[in-house]
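# Structural overview for review
Chain residues, written in single-letter form:
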Amino acid sequence: MREMIFERVDGAPFLFDAGQWVNLVLPLPEGDVRRAYSIASAPSSTPRFELAVTRVSGGPGSEYLHGLEVGAAVHAIGPHGLFTRAPLDPAPALFIATGTGITPLRSMLHAALQAGSEAPMWILFGARFEEDILYRQEFTELSRGSDRIRYDVTLSQGAASWSGRRGYVQEHVPGLLEELSARSPGAPPHLYICGLERMVSAVRQLARGTLGVDRKRVHVERYD
Ligand SMILES: Cc1cc2nc3c(=O)[nH]c(=O)nc-3n(C[C@H](O)[C@H](O)[C@H](O)COP(=O)(O)OP(=O)(O)OC[C@H]3O[C@@H](n4cnc5c(N)ncnc54)[C@H](O)[C@@H]3O)c2cc1C
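Residues numbered from 1 in each chain as written. Predicted model: local features only at pLDDT ≥ 70, side-chain atom pairs only at ≥ 80, totals over all residues. Heavy atoms only, no water.

This brings us to the UniProt feature "domain: FAD-binding FR-type" (unreviewed entry) in the protein. Per the UniProt entry, the sites bearing "domain: FAD-binding FR-type" (unreviewed entry) are residues 1-86 in this numbering. Secondary structure within residues 1-86 divides into 9% helix and 40% strand; the distance between the first and last C-alpha atoms comes to 27 Å. (UniProt positions renumbered as here; feature names shortened; annotations may be inferred. Helix = DSSP H or I, 4+ residues; strand = E, 2+ residues; numbered from the N terminus.)

Using the criterion set out here, one finds nine salt bridges in the structure. Between E50 and R106 there is a salt bridge whose closest N-O contact spans 2.9 Å. In this pair, E50 is assigned in strand 4 (residues 48-53) and R106 in helix 2 (residues 102-115), connecting sequence segments 56 residues apart. Taking the shortest distance from any N to any O, the salt bridge between R150 and D152 comes out at 2.8 Å. (Salt bridge = Lys/Arg side-chain N within 4 Å of Asp/Glu carboxyl O.)

Of all six residues that make up strand 6 (residues 93-98), five are buried, and the element is covered over most of its length. With six bridges connecting them, strand 6 and strand 7 (residues 121-127) associate as parallel partners. Along strand 7, the bridge assignment pairs A93 with M121. In this fold, the crossover linking strand 6 to strand 7 by way of helix 2 has right-handed handedness. Here strand 6 pairs with strand 10 (residues 190-195) via five bridges, running parallel. Looking at the pairing, F95 lines up with Y192 of strand 10. (Buried < 20%, exposed > 50% of the residue type's maximum accessible area, 1.4 Å probe, protein only. Pairing = 2+ DSSP bridges. Right-handed = clockwise from strand over helix to strand, strands pointing away.)

Side chains three or four residues apart in an α-helix point the same way, a direct result of the helix having 3.6 residues per turn. Every buried residue belonging to helix 1 (residues 60-67) is among G61, S62, L65 and H66, and all of these are buried. Each buried residue of helix 1 sits inside an arc of 130° when the element is viewed along its axis, so together they form one side. For helix 1, the elements touching its buried residues are strand 1 (2-7), strand 2 (21-28), strand 3 (31-38) and strand 4. (Arc of directions from axis to C-beta. Contact = heavy atoms within 4.5 Å.)

What follows deals with the environment of D132. With respect to the secondary-structure elements, D132 resides in the loop between strand 7 and helix 3 (136-143). Placed 23 residues apart in sequence, D132 and L155 show a C-alpha to C-alpha distance of 9.2 Å. Ignoring sequence-local partners within four residues, the contact set of D132 consists of F125 and A127.

Below, the discussion takes up the site of the ligand. Every one of the 20 residues lining the ligand counts as a neighbour, but R35, A36, Y37, G61 and S62 are closest to it. Here a nitrogen atom of the ligand sits 2.9 Å away from a polar atom, N or O, in the main chain of A52. About the coverage of the ligand: the protein hides 74% of its 880 Å² of free accessible area. Secondary structure elements with two or more residues in the shell around the ligand: strand 3, strand 4, helix 1 and strand 11 (218-222). For the shell around the ligand, the leading source of residues is strand 3, giving four residues. (Near = heavy atom within 4 Å. Polar contact = N/O pair within 3.5 Å; in protein donor to acceptor, adjacent residues only side chain to side chain. Areas by Shrake-Rupley, 256 points an atom, 1.4 Å probe, with all protein chains shown as cover.)

Moving on: the side chain of N23. With respect to the helices and strands, N23 occurs in strand 2. Classification of N23 by relative accessible area gives buried; the value is 14%.

Formed by 29 residues in total, the largest nonpolar core has its most connected members in F95, I102, L105 and F125. Of all the elements in the fold, those that place two or more residues in this core are strand 6, helix 2, strand 7, strand 8 (149-155) and strand 10. Ranked by residues supplied to this core, first place goes to helix 2 with six residues. Both domains that meet at this core, namely domain 1 (2-80) and domain 2 (93-222), each give it at least three residues. (Core = buried A, V, L, I, M, F, W, Y, C linked by side-chain atoms within 4.5 Å. Domains from an automatic or database assignment.)

Quick look at the structure:
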């Protein structure tokens, strides 16, 4: 994963809602291609925003971005997208992500914290190996000692030394949702799910099916 900071060349503030994405127009040898990237930072009144790009082997867009030099200019179009959360939404949130699917959820979390939100916000992040855990230190610090921010990681191929959760995120959603719901009676949690299609569909199906979560409380963004 490569974390990248961009800044509008005209110096104007870059305005967006937490959870939105931008289209980057990448000048590849075979012609321009557009690729979408969720904004990883919280909205601010500055020209800056952050992205996090997974290197997909043989993927022209992500490989181009991984090779981009510091100081380069890229044409971006946006912001776009309806996968958003109002910073002061009082409903508890269960953020579920794999890989760089964590980026829009990070933006939502920081936007809420900056706005002084009191809502419980729990993060469930899934990866294969321990070295694939994104923003680990940041989320660990944010959740340490907090009674409303909780951070859980599950590894599908964790080493023997891994003492945390194991398996896919969907195996941990029922337990976490039940706990979060019990903690906030009268304020049913919203689920924000982001990542690749396979995980997003599985969790959405689980939430709306077996777990009986109202569709209005299940928000999804797919990367493929
Ligand atoms: C709304 C939206 C937001 C997105 N936000 C991000 C983001 O914040 N960070 C990011 O890295 N990508 C993000 N993507 C995916 C991104 O747009 C590209 O698809 C990705 O960079 C691969 O492009 P490529 O040209 O390298 O490979 P392609 O040849 O276009 O894609 C090859 C395959 O790579 C897989 N793939 C796509 N994205 C990922 C990923 N993130 N991790 C692992 N495998 C992937 C898919 O299965 C795809 O079929 C987002 C996509 C959408 C639709």
